[in-house]
Amino acid sequence: MNLKKKIALLLSIVLVITSVFCVCFHVFANDEIHFTFDENTKTLTLTGSGRMDDYSQDTFNQVEWSAHKNNIVNIVIDEGITHIGDYTFCRETSLENVTLPSSLKSIGAAAFAGNDKLMDITVPDSVNEIGDYAFGYNYDMTLNKDFVAYCAFNSTAQQYCIKNYIAFDTPFAETKSDTAVILGKNWQSMWSFVPQTDGILTFWSTGTSDTFGLIYDADNYVYNSSFNIMKKSALAFDDDSFDDNVNFKVSYAVQAGHRYYLAAKYRSEMEDKGSFDVHITFECTKHLYEQTIITQPTCINDGEIEYTCSVCGYTYKEKLYAFGHSYVLSSFSNGIAGVQCESCDAHYEIPFIDYVNKSNPILDVVDDNVINAKDYSRLIKMFK
């Protein structure tokens, strides 16, 4: 077999394999990174190491996977890749899910911008550089109010979100006690809080440092390098009402499902690095109850049910009243009807003759409100 025929045969085998597995395979300009696209799962997967190529607002439609651009639902970037290029995944109209590696160091400008169906992204702690409009923007490059970034406390991603008014999810510790870590002048350590129900949120600090605490509405705060300007947009704030006038204690009535930010800083601008302890409590004004039956009621005995708020743990109990017997016909023989409770062993007998030409809801099997031969005949057939 000559060389041309061998090459042709090899190419045909590759094409067959590709068509069988519905996967497209390509190489970047950076030959250390490759991508595949699975037609079945609509998943674009990038593998390799190093930095992905950068694009611009004029060239982002020239990405190597441009033929699949409108069909990509999932993007998976494997470990080893350190940089997502500018405009790399801009305006992927079907994109819904993104998985980023812990090796990632930077996300380029507009890397995930313009993806209306992308509602969230989890940014690894390793990311220390994020370009303008990197994520959280609609096709027309306006903020997507439904988008949420899951990111670490005091991380680059969290700071990007705060400055660009992109909702972030950095929850307070489950123990309800955490540590504010101050990294610079007027630095605000911030957490997100989304209550499950309406209630009173209280946020306070402890220790010897002179501290300042605030509660912001995630939708209506104002970001500014000047703390005095930013403070004015807070829902509530305090700097000296608790524990010898150095710690703060601030409370606010919050609404179920709405996002709030808790912020803590040093009161003095002179203090630019350090840490102090902070705490939260939440008092429900509208409980979310889960029910637990302690004792089942019976036909003749009362039971008991316990209600426990899944948010604050408040409990109370109520009586479950006995529901009484539920009698039905169980037999008919020799003119005697047997009656049995559906829920327990209670039973009794009814002589048919005692109710002839009278009314009895159990014996009235023909539903004409009077006991007569028709009922007797039907009863015989029912229990023959």
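Chemist: Residues and numbers for the sheet that holds strand β15 (residues 199-206), please.
Modeler: On the basis of which strands lie adjacent, the open sheet formed by four strands has the order β13-β20-β15-β18 and antiparallel pairing. In this open sheet, the two edge strands, each paired with only one partner strand, are β13 (177-182) and β18 (249-254). Here the average twist between neighbouring strands, direction ignored, is 25°.

Chemist: Mind laying out the side chain of N138, listing which residues take part and the relevant values?
Modeler: Checked against the element boundaries, N138 lands in the loop between β10 (129-130) and β11 (148-150). N138 gets classed as buried once you look at its relative accessible area, which sits at 18%. Leaving out residues up to four positions away in the same chain, N138 has contacts with G114, D116, L143 and N144.

Chemist: Which residues make up the nonpolar core, and what values do they have?
Modeler: Among the nonpolar cores identified, the biggest contains 56 residues, and L46, F89, I107, F112, F135 and Y216 are the most heavily contacted of them. Take this core: its biggest share by element is four residues, from helix α2 (residues 156-164). Beyond its immediate sequence surroundings of up to four residues, F135 is in contact with I107, F112, I121, V123, I130, F147, A149, Y160, C161 and I166. Formed by 23 residues, the second largest nonpolar core is a distinct cluster that contains F203, V254, Y260 and Y266.

The rules behind these values
Throughout this description, residue numbers start from 1 for each chain and increase along the sequence as written. Totals for whole chains, interfaces and linings use all residues, but because this is a predicted model, local features are given only for residues with pLDDT of at least 70 and pairs of side-chain atoms are given and counted only at 80 or more. Working from all heavy atoms in the structure, the side-chain values ignore hydrogens and water. By this definition, two strands are paired if DSSP reports at least two bridges between them. Every helix listed is a DSSP run of H or I at least four residues long, and every strand listed is a run of E at least two residues long, numbered separately from the N terminus. Lines are fitted to the C-alpha atoms to define the axes, a helix being fitted only along its stretch in contact, and any angle between axes, read from their N-to-C directions, falls within 0 to 180 degrees. To sort residues, take the accessible area from a 1.4 Å probe on protein chains only and compare it with the maximum for the residue type: under 20% means buried, over 50% means exposed, and anything in between is partly exposed. What makes two residues a contact is simply this: any of their non-hydrogen atoms within 4.5 Å. As used here, the term nonpolar core means buried Ala, Val, Leu, Ile, Met, Phe, Trp, Tyr and Cys residues forming a set that is joined through side-chain atoms within 4.5 Å.

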